[in-house]
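# Inside the fold
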Amino acid sequence: MLLRNEKSVKETTDSKKTHHVVSRSGRTQKQKWIRRIGLLLALATAVSGVGAVPAAVAGNRICAVQAAAQKAADPSLPDDGIPSGQQEVSGQPEVPRQQEVPRQQEVPRQQEVPRQQEEPEETWKPGTMPEEVWKESPLGSAGVLEGTSVLISIFIRDKETKWTKKEKKETNRRVKAAAGYLCRQAKRYGKKAKLIVDTQKNKKISYTFETEMKVTDRTHLKLNRKIQKFINESINLDDVRKRYKTDSIGFLLHINKAGVSYTLPHCVEEKDKDFFECSSLFSSDGYQETGAATYAHEILHLFGAPDLYEKSLPDGITASFVRYVRKKYPNEIMYTTYTKRGKQLKYGVKNKLSRVTAYFLGWKEKIPEQKRYPLADNDPRGSFHDGTSIPD
């Protein structure tokens, strides 16, 4: 593309007087037509399907057409149409297209494996559980003091003692007084407990066991072995559980002589051994007749309440905690079964059932004493441990 001065140029030759007049405006118009032709060529090429003409190629074609036109207008120009001494301006190099980065193939999401639904534990209505399943309970035969529980009375006859009807009736009255007290205490803590203990109305919860051994408060292990066997062989517990719609059954062994009453509860570590939980109740302590408070005290052992008058490592009861109970709850039924005057009431209970005992029974989840003393958090609540596997 030539850019001259604005004046007209007249050129004469010897052989032929021909005037070639080239004006700036004329040259510009020609250039416009040349550019238009080049653009049309590029457009025609694109439409014909050959593909789009790169900008550099189109520019070179335009330059070639312009050079031919300029050569025709000015013969003095060299063949390429570019004045001598002027550097050749080549078309812009083709800018390479940026290579498209291939998209990363989306990794297919791993199909979530549906979780296998855990089979819900089979639930049983009270009294319908198979006996072999029932005996797997870590709570023992008595279970927890909530809902309906049955206490079966077994009257022991050894070489030295026997029971009369009057004595059995008297014993039954004291047991009923103790049961009534415990049901009232459960209500105080928002629990509903029903104890079936009346042997006069329910003949099928009263049995007599005869033995040749001499029964004392020191022969408890030997007696317990015999009683466990007797219960298995002589008492239809399936019938009792179905009749009263319960899986909570304890056993009261009535011994018509003086002695220290005691309870042998089931411990978690014993598995299915000594599953039947028994309280041995002597008719007197050697000084006075056994009162209703002692019956209530021993029955509470069946359901998980420990003694609070002496230390016990498995239960987390330390000597300092015993002193605390003596000061804070001096009339607590698991601390004492006597009145302030040192008496036993035959058919009444004046002792209190504190929040400490309620905690061990499972009637309360937490108590303030846990912050100061290492009381056991037995699992399940209401159970006992023998010390060989104390829960955290």
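As the structure is a computational prediction, the values presented were derived from the model and not from experiment.

The helix and strand tally for the protein chain stands at 9 helices and 6 strands. The 392 residues of the protein chain split such that 41% are buried. Considering only contacts in the protein chain between residues 6 or more positions apart, those separated by 24 or more positions represent 71%. If you sum the accessible surface of the protein chain, you get close to 25500 Å²; carbon and sulfur atoms cover 50% of it.

In total, this model carries 14 salt bridges according to the counting rule given. In this structure, Glu210 and Arg157 form a salt bridge, with 3.7 Å as the shortest nitrogen-oxygen distance. Taken together, the residues Glu210 in strand E3 (residues 206–210) and Arg157 in strand E1 (residues 147–157) connect sequence positions 53 residues apart. A relative accessible area of 58% means that Glu210 is categorised as exposed.

Let's shift gears to the packing of helix H4 (residues 165–188) against helix H7 (residues 292–302). Axis separation between H4 and H7 bottoms out at 8 Å; the angle between their running directions is 60 degrees. Judged on the interaxial angle alone, H7 and H4 are oblique. Two packed elements cross with a definite hand, and for H4 against H7 that hand is right-handed. Here H4 contributes Thr171, Arg174, Val175, Ala177, Ala178, Tyr181 and Leu182 to the contact with H7, which in turn contributes Ala292, Tyr295, Ala296, Ile299 and Leu300. Considering only residue class, the contact of H4 with H7 consists of 10 nonpolar, 1 polar and 1 charged.

Turning our eyes to something else, we now look at the pairing of strand E4 (residues 249–258). The buried fraction of E4 amounts to 9 of the 10 residues, a majority that puts the element mostly inside the structure. Pairing between E1 and E4: 7 bridges, direction parallel. Paired with Ile154 across the bridge in E4 is Leu253.

Let's shift gears to the side chain of Arg241. If you trace the backbone, Arg241 turns up in helix H6 (residues 237–244). For Arg241, the side chain forms a polar contact with the side chain of Asp247, separated by 2.7 Å. With near-sequence residues (within four places) excluded, Arg241 lies in contact with Gly127, Met129, Pro130, Glu131, Trp134, Thr246, Asp247 and Ile249.

Detailed reading of the predicted coordinates is not advisable wherever pLDDT falls low. Mean pLDDT over the protein chain stands at 81; residues scoring 70 or higher make up 68%. Overall, residues 1–27 carries pLDDT values under 50, and its contacts beyond four positions in sequence, including any with other chains, amount to 25 contacts. Confidence over residues 50–58 falls short of pLDDT 50; this stretch has 13 contacts with residues more than four positions distant or in other chains.

By the definition in use, this model includes 12 aromatic pairs. Pairwise contacts between aromatic rings join Trp134, Phe251, Phe275 and Phe276 into one cluster. A cation sits over an aromatic face here: Lys168 above Phe155, 5.1 Å from the ring centre. Over the aromatic face of Tyr347 sits the side chain of Arg173, whose NZ or CZ is 3.8 Å from the ring centroid.

The next point concerns the environment of Thr263. Note on placement: Thr263 falls in strand E5 (residues 262–264). Here Thr263 falls in the buried class, since its relative accessible area comes to 13%. In this structure the C-alpha to C-alpha distance between Thr263 and His301, which are 38 residues apart in sequence, comes to 6.5 Å. Beyond its immediate stretch of four places on either side in the chain, Thr263 contacts Cys278, Ser279, Glu298, His301 and Leu302. A polar contact is formed between the side chain of Thr263 and the side chain of Ser279, at a distance of 2.8 Å. Within the local environment of Thr263, its side chain forms a polar contact with the side chain of Glu298, the two groups lying 2.6 Å apart.

Across soluble globular proteins, you tend to see nonpolar side chains buried next to one another. Grouped together as the largest cluster of nonpolar side chains are 46 residues, with contacts concentrated most on Leu300, Phe303 and Phe321. Breaking this core down by element, the ones donating at least two residues are H4, strand E2 (193–196), H7, helix H8 (319–328) and helix H9 (355–361). If near-sequence neighbours (up to four positions away) are discounted, Phe303 is found in contact with Ala142, Gly143, Val144, Leu145, Ser149, Leu151, Leu195, Ser248, Leu361 and Gly382. Listed in part, the 28 residues of the second largest apolar core include Val150, Val215, Leu237 and Phe251.

Let us now look at the side chain of Asn224. As for its placement among the helices and strands, Asn224 is situated in helix H5 (residues 220–234). Discounting residues that sit within four places of it in the chain, Asn224 has contacts with Leu264 and Asp274.

Here H4 contains 24 residues, and its C-alpha end-to-end distance of 35 Å stays within 8% of the 34 Å for a straight helix at 1.5 Å per residue. Here H4 has its buried residues at Thr171, Asn172, Arg174, Val175, Ala177, Ala178, Ala179, Tyr181, Leu182, Gln185 and Ala186. Its buried side turned inward, H4 meets E1, E2, E4, strand E6 (278–284) and H7. Just past H4, the residue Gly190 takes up positive phi, approximately 75 degrees.

Thresholds applied
Residues numbered from 1 in each chain as written. Predicted model: local features only at pLDDT ≥ 70, side-chain atom pairs only at ≥ 80, totals over all residues. Heavy atoms only, no water. Helix = DSSP H or I, 4+ residues; strand = E, 2+ residues; numbered from the N terminus. Buried < 20%, exposed > 50% of the residue type's maximum accessible area, 1.4 Å probe, protein only. Contact = heavy atoms within 4.5 Å. Areas by Shrake-Rupley, 256 points an atom, 1.4 Å probe, with all protein chains shown as cover. Salt bridge = Lys/Arg side-chain N within 4 Å of Asp/Glu carboxyl O. Axes fitted to C-alpha atoms, helices over the stretch in contact; angles between N-to-C directions. Parallel < 35°, antiparallel > 145°, perpendicular 65-115°, else oblique. Left-handed = near helix turned anticlockwise from the far one by under 90°. Nonpolar A, V, L, I, M, F, W, Y, C, P; charged D, E, K, R; others polar. Pairing = 2+ DSSP bridges. Polar contact = N/O pair within 3.5 Å; in protein donor to acceptor, adjacent residues only side chain to side chain. pLDDT = per-residue confidence, 0-100. Phe/Tyr/Trp six-rings, centres within 6.5 Å; stacked < 30°, edge-to-face > 60°. Lys NZ or Arg CZ within 6 Å of the ring centre and 35° of its normal. Core = buried A, V, L, I, M, F, W, Y, C linked by side-chain atoms within 4.5 Å. Expected span 1.5 Å × (residues − 1).

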